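Structural features, examined
The primary structure of each chain is shown beneath.
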Amino acid sequence: MILENSKMSWQNIAQNKMRSFLTILGIVIGVASIIALITIVKGATGEVTEQMSSLGADKITVQVQGTPLKKGLLETDIKKLEDIQHVSGVSPTLSGKSSVVYSKNVMEDVSIQGKNHMHFRKNDDLIENGRAINKLDVESKNKVILIGSDIEKELFGGKDPIGKTIQIAGVNFTVIGTLEASDSYSNESSNDTVIMPYTTAMGFLQAGSVSNADIYMQDAKYSDEVTSGVEKAMNQAFNYKNEGYSVMNMGDMISSINDITSMMSLMLGGIASISLVVGGIGIMNMMLVSVTERTAEIGLRKALGAEPKRIQQQFLFESVFLSLIGGAIGLVLGLVIAAVVCSIMGTSFTLSASTILLAVGFSAAIGVLFGFAPAKKASQLNPIDALRNS
């Protein structure tokens with residue numbers, strides 16, 4: 001019975017190609033809109049999340065604005081941050097500018113940054129040649145530096161700078177490594193940057209404290225505990241003056257971005273689903289017209305003994321077929337649109353099983369929902385009345 005009704009439903013759709021196409025057009029547009037929007041948003045979200053994660057999901061950043069009584073973090077404050085449970089290390093940062101001289105070559109306004117061994121341990125892709133700053137360099141306040149690619153080219157002209165001595169504001173420093181050429185480094189270009197141990201930088205830049213520190217967790221799952229511990233330590237350090245510092249948790253930022261983009265996906269999907277409702281109304285309208293046109297056929301089948309449920313099933317199948325065809329076309333069209341847009345935007349294109357199930361599920365649901373009333377009407381026709389009005 002099911003096979004026979006399916007065959008009859010398909011034959012009726014095939015016999016009215018133009019009307020069937022115009023009927024499923026609303027479904028095609030609706031499904032294509034939903035699939036394209038969801039896929040594009042997922043790609044953009046993935047790109048943003050990946051960039052944020054690259055900054056360190058296991059990292060908490062403390063920025064110090066200071067108070068009239070205290071300008072920044074002292075060595076004792078950094079030690080307290082290191083002693084917080086689940087903290088694997090702290091990387092303080094100092095920054096300034098100075099001139100750099102090697103032989104007769106001079107560069108003005110070069111960015112000077114103070115870092116420690118933990119920073120390089122957590123970012124092992126920063127170094128091109130040589131070695132990183134180690135713990136002994138920090139403790140001994142060694143006058144050693146790493147230089148960016150622009151400085152290497154400008155001062156050394158392509159020669160190996162490792163082991164060479166350069167002057168920064170008249171002080172001799174030994175080059176122990178070079179930095180990978182990149183577009184970003186702590187939100188600034190690393191190509192014209194000099195990095196030295198932060199303890200050395202404190203004396204060199206005449207800074208009595210540190211204004212910025214990255215706190216690395218043993219695991220991102222300890223984010224809440226570590227953040228609470230950091231805020232407690234900072235409150236004690238700044239006498240509970242919250243305006244003296246700010247704490248930024250990258251994990252929380254990533255989570256917030258994911259929540260926002262999820263809401264956007266739902267909102268855009270809801271707006272696009274209006275097209276599906278319109279398409280469903282189109283299907284219902286066509287099925288009602290079809291019932292009216294085929295009154296004689298329905299009356300004859302019922303007179304020959306066809307049960308109402310078989311009549312209802314045939315028209316319901318026809319409605320579902322129309323929806324599924326529209327859903328399949330809409331799925332392909334939506335994915336093509338998403339692939340083109342993602343390519344233009346430079347984001348990743350990801351086809352998930354949930355996206356396909358969404359298209360099929362929506363299509364089938366629309367077919368059943370808007371095809372039920374016409375199918376019910378067809379099954380309830382009186383065979384005598386149907387034959388008389390044919």
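From a predicted model like this one, the values you see are computed outputs, not experimental measurements. Think of each chain on its own: its residues are numbered from 1, step by step along the sequence as written. With pLDDT at 70 or above as the cut-off, local features in this predicted model cover only qualifying residues; side-chain atom pairs require 80 or more to be listed or tallied, and sums for whole chains, interfaces and linings still use all residues. With hydrogens and water excluded, all non-hydrogen atoms of the structure serve as input to the side-chain values.

1. Section: the overall build of the protein chain
For helices the rule is a DSSP run of H or I covering at least 4 residues; for strands it is a run of E covering at least 2, with both sets numbered from the N terminus onward. Looking only at helices and strands, one finds 13 helices and ten strands in the protein chain. Here the term buried applies to any residue with accessible area under 20% of the maximum for its type, exposed to any over 50%, and partly exposed to those in between, with areas from a 1.4 Å probe on protein chains only. Residues classed as buried in the protein chain amount to 45% of the 390 residues present. Here the contacts in the protein chain between residues at least 6 apart in sequence split such that 79% fall between residues at least 24 apart. For accessible areas, the Shrake-Rupley method is used with a probe of radius 1.4 Å. Any residue's cover is judged against the shown protein chains and nothing else. For the protein chain, the exposed area adds up to about 19,800 Å²; of that, 58% sits on carbon and sulfur atoms. By the convention used here, residues are in contact when the closest approach between their heavy atoms is within 4.5 Å.

2. Focus on empty space enclosed by the protein
For each structure, a 1 Å grid was placed over the protein atoms alone; sets of points admitting a 1.4 Å probe that cannot get out are labelled cavities, open sets with protein on both sides within 12 Å along at least five of seven lines are labelled pockets, and lining residues have an atom within 4 Å of a point. Grid points are joined across faces, edges and corners, and a volume is the space filled by probe spheres set on the points. Applying the stated criterion to the full structure yields one cavity of 30 Å³ or more. The space that makes up the largest cavity amounts to roughly 30 Å³. Lining the largest cavity are Asp77, Lys80, Leu81, Ala233, Met234 and Ala237. Taken together, the elements giving at least two residues each to the lining of the largest cavity come down to α3 (75-82) and α8 (223-237). Three residue categories are used. Nonpolar comprises Ala, Val, Leu, Ile, Met, Phe, Trp, Tyr, Cys and Pro, charged comprises Asp, Glu, Lys and Arg, and polar comprises the others, including Gly. Considering only residue class, the lining of the largest cavity consists of four nonpolar, no polar and two charged.

3. Structural notes on the pairing of strand β2 (residues 87-102)
Relative to strand β9 (residues 212-217), β2 runs antiparallel, the two sharing six bridges. Each bridged residue has a counterpart across the sheet, and for Val87 the counterpart in β9 is Met217. When β2 meets strand β3 (residues 105-115), the two strands line up antiparallel, connected through eight bridges. The partner of Val100 across the bridge, within β3, is Met107. The pairing criterion is simple: DSSP has to find at least two bridges between the two strands.

4. Describing the environment of Asp109
With respect to the helices, strands and loops of the structure, Asp109 is situated in strand β3. Taking C-alpha positions, Asp109 is 5.5 Å from Ser99, a pair spaced ten residues apart along the chain.

5. Digging into the UniProt feature "transmembrane region" (unreviewed entry) in the protein chain
UniProt positions are given in the numbering used here, feature names are shortened, and annotations may be inferred rather than shown by experiment. According to UniProt, the feature "transmembrane region" (unreviewed entry) maps to residues 21-41, 263-284, 320-346 and 352-373 in the numbering used here. Taken as a whole, residues 21-41 contains 100% helix and 0% strand, while its terminal C-alpha atoms sit 29 Å from one another. A helix fraction of 96% and a strand fraction of 0% characterise residues 320-346, whose end C-alpha atoms lie 37 Å from each other.

6. Details of a negative patch on the surface
On the surface, a cluster of negative charge is contributed by Asp124, Asp125, Glu128 and Glu180. With relative accessibility at 35%, the residue Glu180 sits in the partly exposed group. Patch membership requires more than 30% relative accessible area and the absence of a salt bridge. Residues of like charge join within 9 Å; the nonpolar side chains Val, Leu, Ile, Met, Phe, Trp and Tyr join within 5 Å. Any carboxyl oxygen of Asp or Glu that lies within 4 Å of a side-chain nitrogen of Lys or Arg is treated as forming a salt bridge with it. Positive: Lys, Arg. Negative: Asp, Glu. His and the chain ends are not part of the count. Here the site of a charge means atom NZ of a Lys, CZ of an Arg, CG of an Asp or CD of a Glu.

7. Quick word on the side chain of Ser209
Secondary-structure assignment places Ser209 in the loop between α7 (198-204) and β9. Owing to a relative accessible area of 18%, Ser209 belongs among the buried residues under this scheme. Whenever a nitrogen or oxygen atom comes within 3.5 Å of another N or O atom, the pair is scored as a polar contact, on the condition that within protein one atom can donate a hydrogen and the other can accept it, and that pairs from neighbouring residues in sequence are kept only if both atoms are in side chains. Here Gly72 takes part through its backbone nitrogen, which lies 3.3 Å from a polar atom of the side chain of Ser209. Ser209 has contacts with Lys71, Gly72, Leu73, Leu74, Leu94 and Met202, leaving out every residue within four places of it along the chain.

8. Structural notes on the layout of surface pockets
Computed from the structure, the second largest pocket encloses a volume of approximately 220 Å³. Lining the second largest pocket are Glu75, Ile78, Lys79, Glu82, Asn116, His117, Lys135, Val138, Glu139, Tyr198 and Thr199. For the lining of the second largest pocket, the elements supplying multiple residues, two or more each, are α3, α5 (135-140) and α7. Counting residues per element, the lining of the second largest pocket draws most heavily on α3, at four residues.

9. Section: α8
The length a helix should cover is 1.5 Å for every residue beyond the first. In this model α8 runs 21 Å from its N-terminal to its C-terminal C-alpha over 15 residues, within 8% of the 21 Å that 1.5 Å per residue would give. Following α8 by one or two positions, Asn239 has its phi on the positive side, about 55°.

10. As for the pattern of salt bridges
Inspection of the entire model under this criterion finds three salt bridges. Across the pair Asp83 and Lys79 runs a salt bridge, and its minimum N-O distance is 3.0 Å. Under the relative-accessibility criterion, Asp83 is labelled exposed at 52%. Note on Lys79: relative accessible area 45%, which makes it partly exposed. Among the ionic pairs, Arg131 bridges to Asp137, the shortest N-O distance being 2.8 Å.

11. Quick look at the packing of aromatic side chains
Here a Phe, Tyr or Trp ring, Trp counted by its six-membered ring, pairs with any other such ring whose centre lies within 6.5 Å, and the pair is stacked when the planes are under 30 degrees apart, edge-to-face when over 60, and tilted otherwise. Within this structure, the stated rule accounts for three aromatic pairs. With a centroid separation of 5.6 Å and an interplanar angle of 90°, the aromatic rings of Phe173 and Phe204 are classed as edge-to-face. One end of the pair, Phe173, is in strand β7 (residues 171-179); the other, Phe204, is in helix α7, and 31 residues separate them in sequence. Of the two residues, Phe173 and Phe204, neither departs from the other in class, the shared state being buried. Between Phe238 and Tyr245 the ring centres are 6.0 Å apart and the planes differ by 35°, which places this aromatic pair in the tilted class. Assigned by exposure class, Phe238 and Tyr245 land together as buried. The criterion for a charge sitting over a ring is simple: Lys NZ or Arg CZ within 6 Å of the ring centre, and within 35 degrees of the ring normal. Note that Lys70 overlies the ring of Phe238, its terminal NZ or CZ placed 5.3 Å from the centroid.

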